[in-house]
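Residue-level structural notes
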Amino acid sequence: MPCKHIFVTGGVVSSLGKGLTSASIGMLLERRGLRVRLQKFDPYINVDPGTMSPYQHGEVYVLDDGAETDLDLGHYERFTNAPLSRDCNYTTGRIYLSVIEKERRGDYLGRTIQVIPHITDEIKGAVRKLRTDDVDVVITEIGGTVGDIEGMPFLEAIRQFSLDVGKQNCLYIHLTLIPYLKAAREAKTKPTQHSVSELRAIGIQPDILICRTEREMSKEDAEKIAQFTNVELRAVIEERDKEFSIYEVPLSLVSNKLDELIVEKLGLRARSLEIDDWRQLLHRVMHPEHEVTIAVVGKYIKHHDAYKSIYEALDHAGIALSSRVLVRKVEAEEVEREGAERVLGGIDGILVPGGFGDRGIAGKIEAIRFARERQVPYFGICLGLQTAVIEFARNVVGLEDANSTEMDGNCPHPVVCLLDEQFAITHKGGTMRLGSYPCLLTEGSHAHRAYGSLEVKERHRHRYEFNNQYRQQFAAHGMKVTGTSPDGKLVEVIELTNHPWFLAVQCHPEFKSKPIQAHPLFRGFVQAALTRREGKKKENEAARVRSATAVTPA
Ligand code: GLN
């Protein structure tokens, strides 16, 4: 069977959840026994999101091969088993960069380089890269909204693509919005009509429309949409806003028969859908037995996507432990202003995620001190390890001026600093220590117990490292290195000895957590937080009983 293609476009507005829908489609096809690949095209000019501020773009999602990608790839990885690589995320900038490099090399033999065919060929080449013998369906999501100037070359390329590989091998799915106007008490189909006519003007007739709605879509509205957009009525599919969780998306698409439609339209040989485990997962999400509150203390808290994978991974750990994890998003500077006691009192666990630069560091250090002194479970990730090291140096080891050279280039005690090989680097894009690296763990450590293994691999995205000169001094005071690179040179994990659960890692474990397979460290951390909460509850209960039974002298 030749490899088939699904192209997912979006209309009317951005943020419709195209990534989640594409991931859900991938998941449904996989669960019908098909081998899928997913990729995303982002029309902006940056070569990758690695240099973009989290405020602009949300989290940068890192792959095993070190590619810094769009956060939608996180959805792909969490929902499917499709392997991802740097071939799975292209931006306009990356496409142009490649064409311009070829032009400079003289590859085009003196021809004039144009958007059509050179840029569109480059885009089609990027789709074709995923079309290998072991793949049944390639799903390509086009970022942005139909009508955006930047998106044009991508739409033109996917239009051409069906002529290249045969119309019967391509399916165009358009995700659109049916807004409900409260004042008129009506759902409006006009924006969808316009967005599809824009697509058709480019030469793309969508095969399936997925309509995001707030309320149930009426039969009449579906008929109207079908008529005006030249799409079969049964292919006008409702995707209503979810009440509880994103895990409902694939299931609601199944109840609207999207998987059957895709299989039929592409003539795929697929087995019946196996999705019971996912239904159970959703049941567990909706009926938690316990509750636990975790504070995430970061710098980009206001942008709800800046720590996307962290929040997801906490959720996964909660699911594994039949618990609802309530996340308190704490701006690090708030801890600085208000004090840790006030902001973090009553919390069950504290997590400091990755980050860059000086702002908020003091607040993070305060939060970590609070976790260490009050025996609150602590999980530090990347900068969360580095700040834990600084806090320990200053407040336990007694190195008052300790810092990372990222924050203070001339500090007398650079407990976190640049490696020799990072010194010479001046370019910003793609020059960090990126991607998957192995790590050896110390037997009996929290990390070892959580993973159940002595050698693990995790993804990285950082420049600075724990300064080895301080290792012994730290260990003598109770902060142990419990994971290193195989040559022993790079510190990967640290733990406190006299604390119930204080662990920090230089890597980003959040990128490898899945809803059905919670990451062991997140699970260990949330378990520790649950244990603390239970302990506190018992203490309070005992105190209540004591005061109730205390005999008050007359
Ligand atoms: N800024 C730190 C470094 O570059 C930490 C990076 C991160 O948290 N991802 O090493």
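Our subject is the structure listed above.
Described in the following lines is the structure provided in the data block. (Residues numbered from 1 in each chain as written. Predicted model: local features only at pLDDT ≥ 70, side-chain atom pairs only at ≥ 80, totals over all residues. Heavy atoms only, no water.)

1. Notes on helix H7 (residues 190-202)
With 13 residues, H7 should cover 18 Å at 1.5 Å per step; its first-to-last C-alpha distance of 19 Å lies within 8% of that length. Listed in full, the buried residues belonging to H7 are Thr-192, Gln-193, Ser-195, Val-196, Leu-199 and Ile-202. Next to the buried residues of H7 lie strand E1 (4-10), helix H6 (152-165), strand E7 (170-178), strand E10 (208-213) and helix H8 (219-229). Phi turns positive one or two residues past the end of H7, at Gly-203, with a value near 110 degrees. (Helix = DSSP H or I, 4+ residues; strand = E, 2+ residues; numbered from the N terminus. Expected span 1.5 Å × (residues − 1). Buried < 20%, exposed > 50% of the residue type's maximum accessible area, 1.4 Å probe, protein only. Contact = heavy atoms within 4.5 Å.)

2. Here we look at the sheet that holds strand E20 (residues 464-466)
Strands sit in the order E16-E17-E20 across an open sheet of three strands; the sheet is mixed. A strand with exactly one partner marks an edge of an open sheet, and here the two such strands are strand E16 (402-404) and E20. Taking each pair of neighbouring strands and ignoring which way they run, the sheet shows an average axis angle of 30 degrees. Where strand E17 (residues 413-418) lies against E20, three bridges are found, and the strand directions are antiparallel. Bridging from a neighbouring strand, Val-416 pairs with Phe-466 of E20. (Pairing = 2+ DSSP bridges. Axes fitted to C-alpha atoms, helices over the stretch in contact; angles between N-to-C directions.)

3. Topic: helix H4 (residues 92-105)
The periodicity of an α-helix, 3.6 residues per turn, causes residues three or four positions apart to be oriented the same way. A rise of 1.5 Å per residue sets the reference length of H4, with its 14 residues, at 20 Å; its end C-alpha atoms lie 20 Å apart and thus fit the reference within 8%. Taken residue by residue, H4 has Thr-92, Gly-93, Ile-95, Ser-98 and Val-99 as its buried positions. Residues of H4 that are buried sit in contact with strand E2 (36-42), strand E5 (89-91), helix H5 (115-128) and H6. Where H4 ends, the next residue or the one after it, Gly-106, has phi of about 90 degrees, a positive value.

4. Looking at the site of the ligand
Around the ligand, the structure places Gly-354, Gly-355, Phe-356, Cys-382, Leu-383, Gln-386, Glu-406, Arg-461, His-462, Arg-463, Tyr-464 and His-508. The backbone of Arg-463 places a nitrogen or oxygen atom 3.0 Å from an oxygen atom of the ligand. Compared with its free state, where it exposes 290 Å², the ligand has 99% of that area covered by protein. Going through the elements one at a time, helix H16 (383-397) and strand E19 (455-462) are the ones with two or more residues in the shell around the ligand. Among the residues forming the shell around the ligand, the class breakdown is four nonpolar, five polar and three charged. (Near = heavy atom within 4 Å. Polar contact = N/O pair within 3.5 Å; in protein donor to acceptor, adjacent residues only side chain to side chain. Areas by Shrake-Rupley, 256 points an atom, 1.4 Å probe, with all protein chains shown as cover. Nonpolar A, V, L, I, M, F, W, Y, C, P; charged D, E, K, R; others polar.)

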